[in-house]
Amino acid sequence: MATYIVRRLLQGIIVLLAVSLVCFWLFRYTGDPVRMLAGKYATQEEQEQVRKAYGLDRPMAIQYISFLGGALKGDFGRSYISQIDALDTILERFPATFELAMVAICFSFSMGVGLGVVVAIRPNGWLSRAIMAGSLFGISIPTFLIGILLVMLFSVYLNILPPFGRGDTVQVGFWRTGLLTASGWRHILLPAVTLSGYQLAVLLRLTRAGMRETLGEEYIKTAWAKGLSPAKVILKHALRNVLIPVVTIAGLSFGELIAFSIVTETIFQWPGMGNLLLSSIFETDQPVIVTYIMLAAFIILFINIVVDLLYALLNPRIRYDLSL
């Protein structure tokens, strides 16, 4: 197990280095940041002063090494627009995005697995057919359209949920949360349901397919023959074996929800990282964009390692050795 963890960490470091290299070279050739920093009407002399002040007059290789050295210390540079540390700017928005993704993945996982089990047990019932039709709807409809429809229904016509914003928040140490206030929960419901729509449908169909296959296995028939209760056969023997691929997809989905919830955050004006990334792209704020991509890559890699380690808890027969 320890060898496996070390190897995965080394692989993660290599991936992060590759991501940093791609980001650094890509944004160096998408436009000259000096014009933005110096101003539209800056003279050539003023541009050269800015270039020298930010180290942009040095060779690219030296700039990249300097960038890596700063990244190891958590220094990704300052925002070109606000002149605030880029990492601090993103981390300030991180709690909002993390809470939105957490509520969305909890909702999609619980509902997806629960409904998937129901559909697998009674595949020909009218309720199962309605659920499968709804899952097809969730996969087919774009996220932005789901969000707009939910706003029209619950905010415009029924007027029971707010259409945008995060609501009241509470400072708990370094973390600002909206999950400890009633206003925060009312504001997070619509964006969380919107964000979870596709993942819920995928997890439902994956659970259904796995349960249908597992319920036909010999050991399940033996469990029924022994007179075990339906709950024990379904939840302990069948569902536990089905959960390995489901947890894999849920873990990957959680990382994606944190890193790429841009559309949902834009629709509901959610003050998270996705909304910040979109505005940074419009303003060509390269330090913030690069920091966001590096942080997203780190989060996804970390979640993948955690998901792999959960396999051993779900199925003790899985062992990690040097061959992995």
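In this text the structure is predicted, and so the values were computed from the model without any measurement.

Criteria and cut-off values
- Residues numbered from 1 in each chain as written.
- Predicted model: local features only at pLDDT ≥ 70, side-chain atom pairs only at ≥ 80, totals over all residues.
- Heavy atoms only, no water.
- Helix = DSSP H or I, 4+ residues; strand = E, 2+ residues; numbered from the N terminus.
- Buried < 20%, exposed > 50% of the residue type's maximum accessible area, 1.4 Å probe, protein only.
- Contact = heavy atoms within 4.5 Å.
- Areas by Shrake-Rupley, 256 points an atom, 1.4 Å probe, with all protein chains shown as cover.
- Lys, Arg positive; Asp, Glu negative; His and termini not counted.
- Charge placed at Lys NZ, Arg CZ, Asp CG, Glu CD.
- Axes fitted to C-alpha atoms, helices over the stretch in contact; angles between N-to-C directions.
- Parallel < 35°, antiparallel > 145°, perpendicular 65-115°, else oblique.
- Left-handed = near helix turned anticlockwise from the far one by under 90°.
- Nonpolar A, V, L, I, M, F, W, Y, C, P; charged D, E, K, R; others polar.
- pLDDT = per-residue confidence, 0-100.
- Phe/Tyr/Trp six-rings, centres within 6.5 Å; stacked < 30°, edge-to-face > 60°.

Caption draft 1: Examining the overall build of the protein more closely. Secondary structure assignment for the protein yields 13 helices and two strands. Its C-alpha atoms put the protein at 85 × 60 × 35 Å along the principal axes. Each of the 324 residues in the protein was classed as buried or not, and the buried ones make up 43%. Considering only intrachain contacts with a sequence separation of at least 6, the fraction spanning at least 24 residues in the protein is 73%. Of the roughly 17,700 Å² that the protein leaves accessible, carbon and sulfur atoms contribute 68%. Each charge class in the protein can be summarised by its mean position, and for the 26 positive and 20 negative side chains these summaries are 14 Å apart.

Caption draft 2: Looking closely at the packing of helix H5 (residues 86-121) against helix H6 (residues 126-140). Between H5 and H6, whose axes approach to 9 Å, the crossing angle comes to 135 degrees. Comparing the axis directions of H5 and H6 gives the class oblique. The two elements H5 and H6 cross, and the hand of that crossing is left-handed. Along the contact surface, H5 presents Leu115, Val118 and Val119, while H6 presents Ser128, Ile131 and Met132. In terms of residue class, the contact of H5 with H6 is made up of five nonpolar, one polar and no charged.

Caption draft 3: Highlighting the confidence of the model for the protein. Across the protein, pLDDT averages 83, with 92% of residues at or above 70. Across residues 320-324, where pLDDT falls below 50, the model places 11 contacts with residues more than four positions away in sequence or in other chains.

Caption draft 4: Fine view of the packing of aromatic side chains. Summed over the entire model, instances satisfying the criterion amount to eight aromatic pairs. Centroid distance Phe298 to Phe302: 6.5 Å. Interplanar angle 15 degrees. Geometry classified as stacked. You can see Phe298 and its partner Phe302 sitting in helix H13 (residues 286-314), four residues apart, about one turn around the helix.

Caption draft 5: Just the packing of helix H9 (residues 218-225) against helix H10 (residues 230-259), in detail. Axis separation between H9 and H10 bottoms out at 10 Å; the angle between their running directions is 165 degrees. In terms of axis orientation, H9 runs roughly antiparallel to H10. Crossing hand, H9 versus H10: right-handed. Between H9, through Tyr219, Ile220, Ala223 and Trp224, and H10, the contact on the second element is made entirely by Pro230, Val233, His237, Ala238 and Asn241.

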